Amino acid sequence: MSRDITQTDYKFGPGQALVGAQMLFVAFGALVLVPLLTGLDPSVALFTAGVGTLIFQIVTRGKVPVFLASSFAFIAPIIYGVQTWGIPSTLGGLAAAGLFYVVISFAIRIWGSDWLHRYLPPVVVGPVIMVIGLALAPVAINMATGLAGDTQIMPKSYALILAAVSLGTTMLIAIRGRGMVKVVPIIFGVIAGYLAALVLGAITGESLVSFQSFQDAAWFAVPGFVAPEFNMAAILFILPVAIAPAIEHFGDVMAISSVTKKDYLKEPGIQNTMLGDGLATVFAGLVGGPPNTTYSEVTGAVTLTRAFNPAVMTWAAIFAIGLAFVGKVSGALGTIPMPVMGGIMILMFGMVTVVGLTVLARIGADALTNSRNMVIVSTVLVIGIGGLSIPFGGGFTLAGIGLAGVAGVILNLILPKEAEHIEA
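Remember, predicted model here, so these are calculated numbers, not experimental data. (Residues numbered from 1 in each chain as written. Predicted model: local features only at pLDDT ≥ 70, side-chain atom pairs only at ≥ 80, totals over all residues. Heavy atoms only, no water.)

### So, helix 19 (residues 371-386)
In a regular helix each residue adds 1.5 Å, so 16 residues correspond to 22 Å; helix 19 covers 22 Å between its end C-alpha atoms and thus fits that length. By the burial criterion, the buried members of helix 19 are Arg-372, Asn-373, Ile-376, Val-377, Val-380, Leu-381, Ile-383 and Gly-384. Among the structural elements, helix 6 (122-135), helix 17 (338-361), helix 18 (365-368) and helix 20 (400-414) are those in contact with the buried residues of helix 19. Remark: Gly-387 follows helix 19 within two positions and exhibits a positive phi of approximately 75°. (Helix = DSSP H or I, 4+ residues; strand = E, 2+ residues; numbered from the N terminus. Expected span 1.5 Å × (residues − 1). Buried < 20%, exposed > 50% of the residue type's maximum accessible area, 1.4 Å probe, protein only. Contact = heavy atoms within 4.5 Å.)

### Remarks on unusual backbone geometry
Between Glu-267 and Pro-268 the backbone carries a cis peptide bond, its omega angle lying at 15°. Mapped onto the elements, Pro-268 comes out in helix 13 (residues 265-287). Residues other than glycine seldom take positive phi values, yet Arg-61 does so here, at roughly 60°. Structurally, Arg-61 can be placed in the loop between helix 2 (42-59) and strand 1 (68-70). The backbone of Lys-261 shows a phi angle near 65°, a positive value even though the residue is not glycine. Given a relative accessible area of 71%, Lys-261 falls into the exposed group.

### Details of the confidence of the model for the protein chain
Of the residues in the protein chain, 96% reach a pLDDT of 70 or more, and the chain-wide mean stands at 85. For the protein chain, per-element mean pLDDT is lowest for strand 6 (residues 396-399), which scores 72, and highest for helix 2, which scores 95. When the criterion is pLDDT under 50, residues 1-7 qualifies, and its contacts beyond four places in sequence or with other chains add up to 10 contacts. (pLDDT = per-residue confidence, 0-100.)

### Here we look at the layout of surface pockets
A volume near 1,100 Å³ is recorded for the largest pocket. Looking at the largest pocket, it is lined by 41 residues, and the ones nearest its centre are Glu-248, Asp-252, Ser-296, Met-351 and Val-355. Per-class residue counts for the lining of the largest pocket are 26 nonpolar, 10 polar and 5 charged. Ala-76, Ile-79, Tyr-80, Gln-83 and Val-139 are, among the 27 residues lining the second largest pocket, the residues nearest its centre. Contributions of two or more residues to the lining of the second largest pocket are made by helix 1 (17-38), helix 3 (75-85), helix 7 (137-144), strand 2 (147-148), helix 19 and helix 20. Broken down by element, the lining of the second largest pocket gets its largest block of residues, 6 residues, from helix 3. A breakdown of the residues in the lining of the second largest pocket according to their chemical character gives 19 nonpolar, 8 polar and no charged. (1 Å grid on protein atoms, 1.4 Å probe; cavity = no way out; pocket = protein on both sides within 12 Å on 5 of 7 lines; lining within 4 Å. Points joined across faces, edges and corners; volume = space filled by probe spheres on them. Nonpolar A, V, L, I, M, F, W, Y, C, P; charged D, E, K, R; others polar.)

This is the structure:
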């Protein structure tokens, strides 16, 4: 009798190892993008993704076939935090964001989840997610044009060619790809851009790819773990950013529920999936990794392969932890030319914005023309994209995405409902 890979009950064995490796392959491109963009260690990100997934499985009693890894929502605040307070203080803020999820999970346990939708409706969450994507646009453009800070690391014309190849390939695979190929467009985009850099370098005589980081890396190396520092200014800056991913968590759980035909909102319960996500993010912040979130790419792969057994994700986690100690992996990632990543980021950050638009669309076209909703959405967008900052003393400043999130929540609470008609 053949092995049944559609089994949704947890059954761990060597038979799931190959499918588990495939799931990690699907997640790998997006997983390592966040540390590469923010200055964190990709090996630590692999380690925390693996351990975070195992933590999630323990909390949810091995019932949900999801893989946790680097969250795109935190890219902008991590970049700002590292530049302003340094990596340790930023990690303290990320660990606090994980604790925020834990608090939400217990609040859901006590009061249910209706309050979350009441205080954080789509009209607030949608534009905040849009701000996360749009605020990153300058980062993507700078990378695509070969600009690192004020330094042009390669001729702009060459950089644009590499960015165009990686972007175009990613687009084509995402649109025209079939089967498993369709769920790994980032990896194909990186490969195409990398090959273009080698070919263009050979034609022009320019050194567009440096292999120094790969040559210097050892085969076995302990990831560069970093201990956090708890800086109140960094914590209060990052905490509001956690609002959008917390709401997005509901959508991720509902997506995998629809794939497996099981209601994970009830069993193991959204309070436990949120707790697992939160504890995984706390762990990541404590050792130097980016916050964790469930990956839609992996959900797509689960849909294609029908690999519903959650033990598959245990194997993916084990492989991620193992790869974290292969120094050559991090070294190889360090050789990828920046414009190649920039081209992909143009698409990725835009897609984050589209997710926000999708959330906002849930309130309906008529509701969006409601004056109250228009006021909230427009204010959140301009505050977030414009980068407004408000100092509160003691070295604490609320700015950008965090300030936009707080403004959206407050406006939703205090603004009166729009009158249905005006008396003459």
